[in-house]
Structure formats: C-alpha cells, structure tokens
Amino acid sequence: MAAETKKIPYKIYLEENEIPTSWYNMRADMKNKPAPLIHPGTLQPLKFEDMQPIFCDELIRQELDDETAFIPIPQPIQDFYKMYRPSPLTHAVFLEEALGTPAHIYYKFEGNNTSGSHKLNSAIAQAYYAKEQGLKGVTTETGAGQWGTALSMACSFFNLDCKVYMVKVSYEQKPFRREVMRTYGATVTPSPSMETNIGRAINAEHPGTTGSLGCAISEAVEVATTSEGYRYELGSVLNQVLLHQSVIGLEVKTACDKYGIKPDIIIGCAGGGSNLGGLIAPFMGEKLRGEADYRIIAVEPASCPSFTRGKFVYDFADTGKVCPMAKMYTLGHDYIPSPNHAGGLRYHGMSPILSQLYHDGYMEARTAEQSKVFEAAELFARVEGTLPAPESSHAIRAAIDEALKCKETGEEKTIIFGLTGTGYFDMTAYEAYNDGRMTDYIPSDEELAESFAKIPDLGL
Ligand SMILES: *Cc1c(COP(=O)(O)O)cnc(C)c1O
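This one's a predicted model, so the numbers in the text were calculated from it and none came from an experiment.

Chemist: Describe the site of the ligand, with residues and values.
Modeler: Near the ligand, the surroundings consist of 17 residues, among which Lys119, Ser236, Gly271, Ser274 and Thr420 are the closest. Within the side chain of Gln146, an N or O atom sits 3.3 Å from an oxygen atom of the ligand. Gly273 is positioned such that a nitrogen or oxygen atom in its backbone is 2.9 Å from an oxygen atom of the ligand. Protein chains bury 94% of the 390 Å² of accessible surface belonging to the ligand in isolation. The two domains that each donate at least three residues to the shell around the ligand are domain 1 (2-21 + 75-116 + 246-452) and domain 2 (25-71 + 118-232).

Here you go:
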C-alpha cells in the first residue's frame, strides 16, 4: 500500500522499535558552524580540559563535536526512553474544525511524563554520562522547576545525588514542583542560599532578595566545581542539549514518512532553543543538504525577544558571569523580563546553533504577546483536551495564526508544531488570564539599549 493512501489516525503512535537509536547532530551539515564557547578572560575557544571541572567528559565531547552526524544513544538511555516514548504525533482535527481552516495541523506532545516536558530527553542522557564517569552526583539550577524535576527523575533512575538550586521566589511560590523533586530524592535549596560564597555575597549585598536564574546558576556551578565527584548540568542552550532533543524531531520524521505527511511549516517556542532545535533537527538537515525545503518558525515572548530584537554577539551565558561566553542572539546578560511576564521562556540568550541558523536565513522568528498566547492556550485546551504549558502555547499561537492565513487564501498547508509540556503547574498564570488581570509588556528600545550597553565589546 502506498504511504499516501494510508488513513492518518488522530494520534500516530510509533512502535517501541521505532524510537531513535541515534541522535542527529545538525552541526555536521552546517556550512557555518556555531561559534565556539570562549573563556571570558583569555577570549580563547574553550578546550576539553577547560570544561572538565564543570561538565562530564562525554558531554564535553558532544558539545565540541561539529562533525559526527549520528551519535548512538547508549542502551540504558534507550531503555529509559521506553517509559514515556515514542510520544504521539497528533492530528489536531478538532482544532482545524474550530478554526474552519483547510490547513492540516499536527502537534508532537512531549508532556507525557511526570516532569511534564521535553526536558527529560536530555536530563536522562546527562545523568547517564555522569553515572558512567563514576561521579557521585550533579548540581543544577531551576527557575520554574521543569528542568530540576526532569533531572531529579533522571538522577534517581541512576542512583545519583542531585542538588538543585531553585530561584527563591519559585521555591516559595511553587511548593508542588519542589516536592516532586524531593520525592525523587533531590536536595532542593532556595537560591541565593547561605551555602556558597556567591550566595552569601548576594544575600549580604541584597538582603531579602528573591533570587534570579543567573544567581542560581552561579551557585550550582560553584558547588559542582568545589565538591569532589560532582559536575554541573544545564537543561537548554548548549549544543549537547539540542543533540539529545533531536529524538523529538526524528520521531516526527518517522511518523511523517510512514503516513506520507509533508510539512510546509514547522513551529516551536524558543526559550533557550532546545525543544525547537530538537523538533526541527532532521528537517533542518534536509534543508541544509538541499534535499527539501521547509518554513521553520521560532516563537518567543514579546517581553523577551532574543531573536527578533537581540544582537548576535558574544555575551555571558549567565547573569553572574561565572559561565563561558557564547556567540548568540542576546538581549544582554543583565536583561530580566518584566515581572508581569508569566509564560516561561525568560532566558536572555539563545542556542548558538539556532542563532547561527537564524543569522544565515534558515529559519524565521516572531514574537507573541502573552494575552494572545493564553487566548490560544484556552482554545487549544477546550478543543483538543490537553492543558498546554504557557511556553508551548507560543507555538500554538503561531500555528493558529498560520492556519487562519490558510483560511483566507484557501491553501491546504501542513503545519507541525511542538507541544512541549503541560500547564498543571502554571495555574497562577492561567488564573491571571481567567480573571482578566493579564497584561502585555513589550520592552522599549531604550530599555534594550541599556541592557545591550552592558554586553562587553570583544571586537569578535
Ligand atoms: C523549558 C521549557 C521550554 C523552553 O525551553 P527550550 O530550551 O527553548 O525548549 C518550553 N516548553 C516547556 C514546557 C519547557 O519546560
């Protein structure tokens, strides 16, 4: 039977033996490779040895590998993936009907695991390599809590200690996230803490501070580099994380090939770029090799517009300036989205891989205002049943907008978007929307200029 004639089910479930056995590394097919991470003091590209005190050895190799297209997924990681993969590709027929669009809309749902998002795909890989190296444990930071939860689950599977520095305001406001992490055996410390030099300094300088992601990163890195048998792990932005997340796109590609689905447009939300980088990986590979063409759209919050209004320069990866510098689209390492910003995706920078691809014209980017994002989330929840994460809802917004354009033109485009997670822990944001208290915020050019001014000019 020809693939075209196969009836496409509402949910396309792959077989267990169709879970990818290798990750795909887009860098292998990029003519212009992403710029290397550099040392802020020497401005030299970081070498393996420079990163060894911070990251696990095998993860550094993956971070630096711009050449190997397919990297085998170790068997224990494949085994863990079976607990929640393959994830379904769903044909959003109810959404199509509600919109009255001739477009065909599909979404890949990554929220079907306890951590509730795609972050587990990389967490389990990072925990595995730490275990393989014989480490005692790992440290990390978490803001809203998705990454910390994912890493806690992964560490408990491999019997590794997991120390999570959680931004104090989230620690207090999201007690349920914290308890999920503790249930999986992680230690969760509100940041800034009194356990680290950086934490004590920040507490002394700003008594009563509720913390920031940048500060939590600095604490986690300090603890990793000063504790024997520990390394630091990060849940987005890095090349290795995009590599692990390619499992999303590879499954989508398999499902598409099986049913003769040819996407015209692929859409993902962009915080640090990991889910989008993973979703588009095999499609971008085809595009880079000149085998096929797709429109690829990154959607970011209007309040944190790294791609659309940022600068493509070397900047610090964290507010505390303890991490290496990356060349990426950035709003400046001091940029903090306005407090009324509810929808996640608050990182000031962007994956160096996606930054290079965007710079070279392989993908587009647009922003969405949060009230419009929650409007899309509400419609999606009501017609497709799943309560989406606010982050994911940026992609829903753009998918709906593209489908409505098709309604005007009568074009039957095929749209695929990434539904990265569930919104169960984001009910305060939904509450603000339901109460009509949600407001939009767009930073002024002056505000951004102030933040850009703090990016060091390295002349690179
Ligand atoms: C963390 C997160 C994101 C954004 O991170 P990326 O690295 O840009 O993918 C998006 N959606 C959900 C549900 C998340 O938890």
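Chemist: Lay out the sheet that holds strand 8 (residues 187-191) in plain terms, naming residues and giving numbers.
Modeler: Backbone-to-backbone hydrogen bonds join strands into a sheet, with any given pair of strands oriented parallel or antiparallel. Pairing is parallel in the open sheet, where 4 strands are placed in the order 8-7-6-9. The two strands at the open ends of the sheet, each matched to only one other strand, are strand 8 and strand 9 (230-232). Mean inter-strand twist for the sheet, computed between neighbouring axes without regard to direction, equals 25°. Packing of helix 6 (residues 146-157) onto the sheet brings it into contact with strand 6 (137-142) and strand 7 (161-167), and relative to strand 6 it is tilted by some 165°.

Chemist: I'd like a description of the sheet that holds strand 5 (residues 104-109), backed by residues and values.
Modeler: Read from one edge to the other, the open sheet built from 7 strands follows the order 1-4-5-15-10-11-14, with strand pairing classed as mixed. The sheet is open, and its two borders are formed by strand 1 (11-12) and strand 14 (364-368), each paired with just one other strand. Where strand 5 and strand 15 (residues 414-419) come together, 6 bridges link them in parallel fashion. If you follow His104 over to strand 15, its bridge partner there is Thr414. Helix 12 (residues 274-288) contacts strand 10 (265-269), strand 11 (295-301) and strand 15 of the sheet and is inclined by roughly 160° relative to strand 10.

Chemist: Tell me about the domain arrangement of the chain, and please be specific about residues and values.
Modeler: Structurally, the chain comprises domain 1 (2-21 + 75-116 + 246-452) and domain 2 (25-71 + 118-232). Centre-to-centre separation of domain 1 and domain 2, based on C-alpha positions: 23 Å. Facing 42 residues of domain 1, the contacting portion of domain 2 comprises 37 residues. Together domain 1 and domain 2 conceal approximately 3600 Å² of surface at their shared face, both sides included; 69% is due to carbon and sulfur atoms. Together, Phe80, Ser115 and Phe425 form the three largest contributors to the area buried by domain 1 at its contact with domain 2, with a combined 18%. Where domain 1 packs against domain 2, one counts 2 salt bridges. Where domain 1 meets domain 2, there are 12 residue pairs in polar contact (both at pLDDT 80 or more). Mapped by element, the contributors of at least two residues to the side of domain 1 that touches domain 2 are helix 3 (75-81), helix 11 (239-259), helix 12, strand 12 (311-316), strand 13 (325-330) and helix 14 (352-359). Residue composition of the side of domain 1 that touches domain 2, by class: 24 nonpolar, 10 polar and 8 charged.

Chemist: So what about the packing of aromatic side chains? Which residues, and what values?
Modeler: Applying the stated criterion across every chain, the model contains 19 aromatic pairs. The interplanar angle of 75° and the centroid separation of 5.1 Å between the aromatic rings of Phe157 and Phe158 together place this pair among those described as edge-to-face. On the basis of relative accessible area, Phe157 is assigned to the partly exposed category, the value being 39%. According to the relative accessible area criterion, Phe158 is buried, its value standing at 12%. For the pair Phe283 and Tyr294, a centre-to-centre distance of 5.2 Å together with 85° between the ring planes defines the contact as edge-to-face.

Chemist: So what's going on with the nonpolar core? Which residues, and what values?
Modeler: Of all hydrophobic cores here, the largest spans 73 residues; its most connected members are Trp23 and Met363. Built from parts of two domains, this core gets at least three residues from each of domain 1 (2-21 + 75-116 + 246-452) and domain 2 (25-71 + 118-232). The next biggest cluster of nonpolar side chains, apart from the first, holds 31 residues, and it includes Ala92, Leu99, Ile265 and Phe417.

Chemist: Mind laying out the side chain of Ser87, listing which residues take part and the relevant values?
Modeler: Within the secondary structure layout, Ser87 lies in the loop between helix 3 and strand 4 (89-91). Ser87 sits in the buried class, given a relative accessible area of 3%. Engagement of the side chain of Ser87 in a polar contact is seen with the backbone oxygen of Phe109, the distance being 3.3 Å. A polar atom in the side chain of Ser87 sits 2.8 Å from the side chain of Glu110. The contacts of Ser87, once residues within four sequence positions are left out, are Lys108, Phe109, Glu110 and Glu251.

Chemist: Pulling in residues and values, what's your account of unusual backbone geometry?
Modeler: A cis geometry characterises the amide bond from Arg85 onward to Pro86, with omega recorded as -10°. Within the fold, Pro86 resides in the loop between helix 3 and strand 4. Cis rather than trans, the peptide bond between Ser191 and Pro192 has omega equal to 5°. Structurally, the position occupied by Pro192 is in the loop between strand 8 and helix 9 (197-205). Of note in the backbone geometry, Asn159 takes a positive phi value of approximately 55° without being a glycine. Position of Asn159 relative to the elements: it lies in the loop between helix 6 and strand 7.

Chemist: Explain the environment of Arg295 to me, and be specific about the residues and the numbers.
Modeler: Among the structural elements, Arg295 can be located in strand 11. Considered as a pair, Arg295 and Glu58 are 237 residues apart in the sequence and their alpha carbons are 33 Å apart.

Chemist: Tell me about the environment of Ala449, and name the residues and values.
Modeler: In this fold, Ala449 is placed in helix 18 (residues 445-452). Note on Ala449: relative accessible area 40%, which makes it partly exposed. Taking the C-alpha atoms as reference points, Ala449 and Ala186, 263 residues apart in sequence, are found 40 Å from one another.

The rules we used
Residues numbered from 1 in each chain as written. Predicted model: local features only at pLDDT ≥ 70, side-chain atom pairs only at ≥ 80, totals over all residues. Heavy atoms only, no water. Near = heavy atom within 4 Å. Polar contact = N/O pair within 3.5 Å; in protein donor to acceptor, adjacent residues only side chain to side chain. Areas by Shrake-Rupley, 256 points an atom, 1.4 Å probe, with all protein chains shown as cover. Domains from an automatic or database assignment. Pairing = 2+ DSSP bridges. Helix = DSSP H or I, 4+ residues; strand = E, 2+ residues; numbered from the N terminus. Axes fitted to C-alpha atoms, helices over the stretch in contact; angles between N-to-C directions. Contact = heavy atoms within 4.5 Å. Buried area = accessible area lost by both parts, 1.4 Å probe. Salt bridge = Lys/Arg side-chain N within 4 Å of Asp/Glu carboxyl O. Nonpolar A, V, L, I, M, F, W, Y, C, P; charged D, E, K, R; others polar. Phe/Tyr/Trp six-rings, centres within 6.5 Å; stacked < 30°, edge-to-face > 60°. Buried < 20%, exposed > 50% of the residue type's maximum accessible area, 1.4 Å probe, protein only. Core = buried A, V, L, I, M, F, W, Y, C linked by side-chain atoms within 4.5 Å.

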